[in-house]
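Inside the fold
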Amino acid sequence: MSDIHDYWLGIASGVKTKLDLGCGKNKQKGFIGVDLALRACPDVIADLENNLPFASDSVQFIWCDQTLEHIRNLIPLMNECHRILELGGWMWCGVPRFP
């Protein structure tokens, strides 16, 4: 885990409701894992390319690592994340670095 990951996970440690979108088999400790893949054993099974099954303004932190590159249309997902994040909530996104 890199320093930047540790920094953001430190910020997330102080919040109550936090999601790991596209968690796969490596869900972050203390997060609600959200994934479409049943083999990942997520806490919530959801297609990130459709409406997220969370109430508006109900999440304080969203972790999305190595997931966005698999989404065909990012705008609807970003709108959904904005909808479910509380005012002042945080979202951290990590994507692969291509040379």
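Below: a short report on this structure.

Scoring rules and cut-offs
- Residues numbered from 1 in each chain as written.
- Predicted model: local features only at pLDDT ≥ 70, side-chain atom pairs only at ≥ 80, totals over all residues.
- Heavy atoms only, no water.
- Pairing = 2+ DSSP bridges.
- Helix = DSSP H or I, 4+ residues; strand = E, 2+ residues; numbered from the N terminus.
- Phe/Tyr/Trp six-rings, centres within 6.5 Å; stacked < 30°, edge-to-face > 60°.
- Buried < 20%, exposed > 50% of the residue type's maximum accessible area, 1.4 Å probe, protein only.

**Focus: the pairing of strand β2 (residues 32–35)**
- Pairing of strand β1 (residues 18–21) with β2, which is carried by three bridges, proceeds in the parallel orientation. The residue of β2 that forms the bridge with L21 is V34.
- With two bridges joining them, β2 and strand β3 (residues 44–45) adopt parallel strand pairing. Across the sheet, the residue bridging to D35 is I45, located in β3.

**Some thoughts on the packing of aromatic side chains**
- If you walk through the whole model with that rule in mind, you get three aromatic pairs.
- When the ring of F31 is compared with that of W63, the centres are 6.4 Å apart and the planes differ by 65°; the resulting orientation is edge-to-face. Remark: W63 occurs in strand β4 (residues 59–65) and F31 occurs in the loop between β1 and β2; sequence separation between them is 32 residues. The same class applies to F31 as to W63, namely buried.
- Measuring from ring centre to ring centre gives 4.3 Å for W63 and W92, while their planes differ by 20°; the resulting arrangement is stacked. With W63 in strand β4 and W92 in strand β5 (residues 85–94), this pair connects stretches of sequence that are 29 residues apart.

Nothing here speaks to function; it is all geometry.
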